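The lines below spell out each chain.
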Amino acid sequence: MFEKFSRRSFARLAGLSALGLAAAPARAAESGPKSAPDRHAPGAFPDGFLWGTATSAYQIEGAVNEDGRGRSIWDTFSHTPGRIGDNSNADRANDHYHRYKEDVRLIRDLGVRAYRFSIAWPRVFPQGTGAPNPKGLDFYDRLLDELLANGIEPYATLYHWDLPQALQDRVGGWQSSETSRAFGDYAAYVAARLTDRVKNIFTVNEGGRFVNFGYGWGIDAPGLNLTVAEVNQVRHHVVLGHGLAVQAIRASGRAGTRVGPAENIVACVPAIDTPENIRAAEIATRELNSGLLGVMLEGKYTDGYLTFAGAAAPKFTAEELKIISSPIDFVGLNIYAPQHYVVASDRKSGFAVLPFPDSFPHMDSEWLRIGPETIYWAPRLAAKIWNIDTIYISENGTSSSDKLTADGKVYDLDRIMYLRNYLTHLQRATAEGVPVRGYFLWSLMDNFEWIFGYEKRFGLYRVDFETQARVAKLSASFYRDVVARNAIGI
């Protein structure tokens, strides 16, 4: 299957991935640093800006058969011949389950104050529902204690794609609202156990990726090719699960626990910064995110989304929309590349999407087009459209070929180029008052990169997957300097 799926196809599909086609204010509680940046320090970020890094459970933990963990859809998928580019799996991955103390020291050495990680649902509920695994949260207890002992604030993600296989087998996974309810129950259990130390929780990571890629195009786990109507219903069940998780965290977590989604927003950038094109980018951002962020923040699907879907529109109730739009405290935006450059148009939609020329630059991953201005426009437009007052860049980073040189170093100048340019545009956003309160660099270290296996390296630390040795790349020094100065040099 993988051979039939070119990287150019990945780039095209990635641009469409959240197109469940997206305004009322997001009810985001006021929180996070409000200080203005030091106008006398070029490139400075606001005082108290939160710097962090990020990983996900399936990509780094390994130990897939230890301490009662159940099987996930990615365990099944990665062991299916032809699904993973290098025929690998994440049975061992980075062995983070046993090496977490070493990895926490790597985080500490970057000087960051926050770490975004995900919890493996199959560790906690091996069957997806029912009795929790007594040892399911023990690893996360140890991890949290180690993070806090090193002065690092944990930001937990409840769902980063590793659905319990048992739920997929019993009810079709996210094809059923039973999975949405199971996710709410899982969220309640985790919140009751961990919010004495975890004060910030992301619910669902990148619905825009795993819904279409996993249920529509069969590229990701669980590898299904459903109809458009079925995919739209899956997407609805995902946002319903998000809403139920928000309510569960409010009910079962400690007072003051903050919660929100982490979404790979369909980033629409004005091709030329004229007022007309900026307005077109606003319209496009709202409409093309209606199926995920939009309905979470508005409590309704836009007329454009429903008209476009037609008979394939999801079935829903008014009560479900109310649950989906439960008030949140922040919005996480995963931003890597521009999905669309747009211009104003006389057509009914008010915008036109421009084709990417073949020569458009990209990083080591062909889908990862270089558009540094995206990290300025995406949060700026989202904050305006949905009245969001707390945004985190919950992921940003790039793959690189990352070759070891004769001196045992990795001089990843291309990653530094990418980060320098993106962070410069992010600083521009904060200087103009766009409410971005923090940034999580993806990723702490190289890991299992889904369908690409270990071929693509996104980490600040290089990992030798045979010896598990971690080596700091040059980009780790670059990021450490940015964090220490709270500024991007120009």
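Bear in mind the structure is a predicted one, so any value in this text is a computation, not a measurement.

So, the nonpolar core
Right, so step 1: By size, the foremost hydrophobic cluster in this structure holds 145 residues, and its most contacted members are Trp-51, Trp-74, Ile-119, Trp-121, Tyr-140, Trp-174 and Tyr-439.
Right, so step 2: Per element, the largest residue contribution to this core is nine residues, and it comes from helix α15 (residues 374-386).
Right, so step 3: Residue contacts for Ile-119: discarding those within four places in its chain leaves Ala-57, Val-124, Leu-137, Tyr-140, Ala-156, Thr-157, Leu-158, Asp-162, Tyr-186, Val-190 and Leu-194.
Right, so step 4: In this structure, Val-239, Leu-240, Met-296 and Tyr-305 belong to the second largest nonpolar core, which totals 11 residues.

Digging into the sheet that holds strand β3 (residues 153-159)
Right, so step 1: Spatially, β1-β2-β3-β4-β5-β7-β10-β11 is the arrangement adopted by the eight strands of the closed barrel, whose pairing is parallel. For this sheet, the mean angle separating the axes of adjacent strands, direction not counted, is 25°.
Right, so step 2: Pairing analysis gives four bridges linking β3 to strand β4 (residues 200-205), with the strands arranged parallel. Counterpart to Tyr-155 in the pairing with β4 is Asn-200.
Right, so step 3: Contacts between helix α6 (residues 138-149) and the sheet are confined to β2 (114-118) and β3, with β2 contributing the most and set at about 170° to the helix.
Right, so step 4: Lying on the sheet, helix α12 (residues 290-298) is in contact with β5 (258-263) and β7 (331-334); it crosses β5 at an angle near 155°.

Here we look at the confidence of the model for the chain
Right, so step 1: Summary statistics for the chain give a mean pLDDT of 93 and a share of 92% for residues scoring 70 or more.
Right, so step 2: Across residues 1-8, where pLDDT falls below 50, the model places 21 contacts with residues more than four positions away in sequence or in other chains.
Right, so step 3: Within the model, pLDDT remains below 50 along residues 14-39, and this stretch shows 94 contacts once partners closer than five positions in the same chain are excluded.

Focus on a nonpolar patch on the surface
Right, so step 1: A cluster of nonpolar side chains, contributed by Tyr-411, Leu-413 and Leu-474, occupies part of the molecular surface with about 290 Å² of accessible area.
Right, so step 2: When you line up the elements, Leu-474 lands in helix α17 (residues 474-485).

Observations concerning the side chain of Asp-75
Right, so step 1: Structurally, the position occupied by Asp-75 is in helix α3 (residues 73-78).
Right, so step 2: There is a polar contact of 2.8 Å between the side chain of Asp-75 and the backbone nitrogen of Ser-72.

Some words on helix α9 (residues 207-216)
Right, so step 1: Burial runs high along α9: 10 of the 10 residues are buried.
Right, so step 2: Among all positions of α9, only Gly-207, Gly-208, Arg-209, Phe-210, Val-211, Asn-212, Phe-213, Gly-214, Tyr-215 and Gly-216 are buried.

As for the packing of helix α4 (residues 96-110) against α6
Packed helix pairs are specified by the crossing angle of their axes together with the interaxial distance, meaning the distance between the axes.
Right, so step 1: Between α4 and α6, whose axes approach to 10 Å, the crossing angle comes to 15°. One element, α4, and the other, α6, form an angle in the roughly parallel class. For the pair α4 and α6, the crossing hand works out as right-handed. Facing α4, whose interface residues are His-96, Tyr-97, Tyr-100, Lys-101, Val-104 and Ile-107, α6 presents Phe-139, Arg-142, Leu-143, Glu-146 and Leu-147.
Right, so step 2: The residue inventory of the contact of α4 with α6, partitioned by class, reads seven nonpolar, one polar and three charged.

Let's talk about the pairing of strand β8 (residues 340-344)
Right, so step 1: Taking burial as the measure, the five residues of β8 include four buried ones, the bulk of the element.
Right, so step 2: In this structure, strand β6 (residues 268-270) lies alongside β8, joined through three bridges in parallel fashion. Paired with Cys-268 across the two strands is His-340, which belongs to β8.
Right, so step 3: Here three bridges tie β8 to strand β9 (residues 351-353), and the two strands are oriented antiparallel to one another. Looking across to β9, one finds that Val-343 is bridged to Ala-352.
Right, so step 4: Turn length for the β8-β9 hairpin, with the two strands adjacent in sequence and antiparallel, is six residues, and the turn residue Gly-350 shows positive phi of about 90°.

Rules used throughout
- Residues numbered from 1 in each chain as written.
- Predicted model: local features only at pLDDT ≥ 70, side-chain atom pairs only at ≥ 80, totals over all residues.
- Heavy atoms only, no water.
- Core = buried A, V, L, I, M, F, W, Y, C linked by side-chain atoms within 4.5 Å.
- Buried < 20%, exposed > 50% of the residue type's maximum accessible area, 1.4 Å probe, protein only.
- Helix = DSSP H or I, 4+ residues; strand = E, 2+ residues; numbered from the N terminus.
- Contact = heavy atoms within 4.5 Å.
- Pairing = 2+ DSSP bridges.
- Axes fitted to C-alpha atoms, helices over the stretch in contact; angles between N-to-C directions.
- pLDDT = per-residue confidence, 0-100.
- Patch = residues over 30% accessible without salt bridge, like charges linked within 9 Å, V, L, I, M, F, W, Y side chains within 5 Å.
- Areas by Shrake-Rupley, 256 points an atom, 1.4 Å probe, with all protein chains shown as cover.
- Salt bridge = Lys/Arg side-chain N within 4 Å of Asp/Glu carboxyl O.
- Polar contact = N/O pair within 3.5 Å; in protein donor to acceptor, adjacent residues only side chain to side chain.
- Parallel < 35°, antiparallel > 145°, perpendicular 65-115°, else oblique.
- Left-handed = near helix turned anticlockwise from the far one by under 90°.
- Nonpolar A, V, L, I, M, F, W, Y, C, P; charged D, E, K, R; others polar.

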